[in-house]
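One letter stands for each residue in the lines below.
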Amino acid sequence: MKAAVCERYGPPEVVQVREVPTPVPADDGVLVEVMATTVNSGDARVRALRVPRGLKLAMRLRLGVTEPKHPILGFEVAGRVEAVGAAVTRFQPGDRVVASRGFDFGCHAEQVTVAEHGAIARIPENLTYRDAVALCFGGTTALTFFDLGKLAEGETILINGASGAVGTMAVQLAKHLGAEVTGVCSGANVELVRSLGADHVIDYTAEDFTRNGQRYDVIMDNHGNAPYKRVRDSLAPGGRFLMVIGGLGQMIAATRQKAVVSAGEGDSQMTADGYRALMALGGEGAMKAVIDSVVPFAQIVEAHRRVDGGHKVGSVVVTVGPDG
Ligand SMILES: NC(=O)c1ccc[n+]([C@@H]2O[C@H](COP(=O)([O-])OP(=O)(O)OC[C@H]3O[C@@H](n4cnc5c(N)ncnc54)[C@H](OP(=O)(O)O)[C@@H]3O)[C@@H](O)[C@H]2O)c1
């Protein structure tokens, strides 16, 4: 099979599409023919070893000291089950699924294996592979943080970085949960964020939300320029700060601040339950995929370039198989 292989940390050009052995499913494994995947901000961070301040050593130990431990990147796929191991009972060839191997990556490939009881869920009939995969990265992140931060109906939430993969899903999920949503993005994306359901949208080039006197029950930072110490006066009493991105100093400080919510790998809803929830929301139209661009697999380097720009709108989808 073909896979996008990244054997050293560096710019988009370190990624090369080439032949590698096709994986074989274990007895409890499911082999998925990949139709669509994404290059997301997590993939680009790993490829470039571009991590928040103070975390480089920890990330090298986690991801590979001198080169990526898992040279085929990619967090998620949408595809068709091609074969199953002898002990698999829940899936069969032909099923349409989304799946992830979490931090074992491996999704930038024509085929991928996932454990039957791992992060895999069926795609509803009314969702295309592209739409299904575009819901995954931002959707599971929003689910994870809203769950940890206990976002409740009737609360107010400000989402900084509302037009990226995480932000577009967070706006929609927060509205679905019954919150009053304020999105923050650049002027070019104001209308999009409003169309996703945001009640208010702030153009960060025209207004600093930390100086407008408003207070919110929850503030989510998806960009990294709104740390707790900058936004704490914009939190209502009992408010929570969702630190989707933050450096080592912020993480250490967070352990002393009750209001700060961060997530470890064990909290991630990149799980079967998380994907089932997202596919249900997508199927019933409560969450819509937001796709920045669609790039053929052979040009996956272009997808990495687009993600590196830091201003994609929603997800960059990479089409792999014939139905992608
Ligand atoms: N902790 C976790 O578990 C977890 C999970 C997923 C992602 N993340 C991290 O979350 C971050 C967001 O991921 P993503 O995939 O959504 O990234 P993305 O798609 O690249 O989106 C970036 C967002 O940042 C906005 N932005 C850029 N400059 C800004 C500024 N000065 N002020 C406010 N917003 C600004 C962009 O809006 P405009 O284009 O309108 O400027 C866009 O909405 C990444 O750093 C990623 O690594 C963490």
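Higher on the page you've got the structure.
Residues numbered from 1 in each chain as written. Predicted model: local features only at pLDDT ≥ 70, side-chain atom pairs only at ≥ 80, totals over all residues. Heavy atoms only, no water.

## What to know about the site of the ligand
- By nearness alone, 24 residues border the ligand, and Ser-41, Arg-45, Ser-186, Tyr-204 and Lys-312 come closest of all.
- Within the contact set of the ligand, a nitrogen atom lies 3.3 Å away from a side-chain nitrogen or oxygen of His-223.
- Burial of the ligand by the protein chains amounts to 86% of its free accessible area of 940 Å².
- At the level of secondary structure, the elements contributing two or more residues to the shell around the ligand comprise α1 (41-48), α3 (129-148) and α4 (165-176).
- Among the elements that line the shell around the ligand, the one with the most residues is α3, at three residues.
- Looking at side-chain class alone, the shell around the ligand contains nine nonpolar, 13 polar and two charged residues. (Near = heavy atom within 4 Å. Polar contact = N/O pair within 3.5 Å; in protein donor to acceptor, adjacent residues only side chain to side chain. Areas by Shrake-Rupley, 256 points an atom, 1.4 Å probe, with all protein chains shown as cover. Helix = DSSP H or I, 4+ residues; strand = E, 2+ residues; numbered from the N terminus. Nonpolar A, V, L, I, M, F, W, Y, C, P; charged D, E, K, R; others polar.)

## Structural notes on the side chain of Ser-315
- Position of Ser-315 relative to the elements: it lies in strand β15 (residues 315-319).
- A polar atom in the side chain of Ser-315 sits 3.2 Å from the backbone oxygen of Ala-134.
- Every residue in contact with Ser-315, bar those within four places of it in the chain, is listed here: Thr-38, Ala-134, Ala-165, Val-290, Ile-291, Asp-292 and Ser-293. (Contact = heavy atoms within 4.5 Å.)

## Focus on a nonpolar patch on the surface
- A surface patch of nonpolar side chains, about 320 Å² in accessible area, is lined by Leu-57, Leu-61 and Val-65.
- Checked against the element boundaries, Leu-57 lands in helix α2 (residues 56-63).
- Assessed through its relative accessible area of 61%, Leu-57 is described here as exposed. (Patch = residues over 30% accessible without salt bridge, like charges linked within 9 Å, V, L, I, M, F, W, Y side chains within 5 Å. Salt bridge = Lys/Arg side-chain N within 4 Å of Asp/Glu carboxyl O. Buried < 20%, exposed > 50% of the residue type's maximum accessible area, 1.4 Å probe, protein only.)

## Brief notes about the state of the cysteines
- Throughout the structure, instances matching the rule amount to zero disulfides.
- Cysteine Cys-6 shares no disulfide, and the gap to the nearest cysteine sulfur, in Cys-107, comes to 15 Å.
- The thiol of Cys-107 is not disulfide-bonded; the next cysteine sulfur, from Cys-136, is found 9.6 Å away. (Disulfide = S-S within 2.5 Å.)

## Notes on the pairing of strand β3 (residues 29-39)
- Burial within β3 is extensive, with 10 of its 11 residues counted as buried.
- Examined bridge by bridge, β3 and strand β6 (residues 111-115) share five bridges and lie antiparallel to one another. What sits directly across from Val-30, in β6, is Val-114.
- Where β3 lies against strand β4 (residues 77-84), seven bridges are found, and the strand directions are antiparallel. By the bridge assignment, Ala-36 is partnered in β4 with Ala-78.
- Looking at chain direction, β3 and β15 are connected through four bridges and run antiparallel. Opposite Val-39, over in β15, you have Val-316 as the bridge partner. (Pairing = 2+ DSSP bridges.)

## Structural notes on the side chain of Ser-186
- As for its placement among the helices and strands, Ser-186 is situated in the loop between β9 (180-185) and α5 (190-195).
- Classification of Ser-186 by relative accessible area gives buried; the value is 16%.
- Setting aside residues no more than four positions away along its own chain, Ser-186 makes contact with Asp-203 and Tyr-204.

## Quick look at the pattern of salt bridges
- Scanning all chains against the criterion turns up 17 salt bridges.
- Linking Asp-323 and Arg-80 is a salt bridge whose minimum nitrogen-to-oxygen distance equals 2.2 Å. Taken together, the residues Asp-323 in the segment after β15 and Arg-80 in strand β4 connect sequence positions 243 residues apart.
- Judged by its relative accessible area of 40%, Asp-323 falls in the partly exposed class.
- Note that Arg-240 and Glu-155 form a salt bridge whose closest N and O atoms lie 2.7 Å from each other.

## Description of the pairing of strand β8 (residues 156-160)
- Counted residue by residue, β8 has five buried out of five residues, so it is predominantly covered.
- Strand direction decides the pairing type here: β8 and β9, joined by five bridges, are parallel. Paired with Leu-158 across the strands is Thr-182, a residue of β9.
- Following the chain from β8 across α4 to the adjacent parallel β9, one finds a crossover that is right-handed.
- Examined bridge by bridge, β8 and strand β11 (residues 216-221) share four bridges and lie parallel to one another. Bridge assignment links Asn-160 to a residue of β11, and that residue is Asp-221. (Right-handed = clockwise from strand over helix to strand, strands pointing away.)

## Some details on the sheet that holds β8
- Reading across the sheet, the six strands line up as β10-β9-β8-β11-β12-β13 and stay open at both edges, with parallel pairing between neighbours. Of all strands in the sheet, those bounded by a partner on one side alone are β10 (200-203) and β13 (260-261).
- Examined bridge by bridge, strand β12 (residues 235-243) and β13 share two bridges and lie parallel to one another. Residue pairing across strands places Phe-241 opposite Val-260, the latter belonging to β13.

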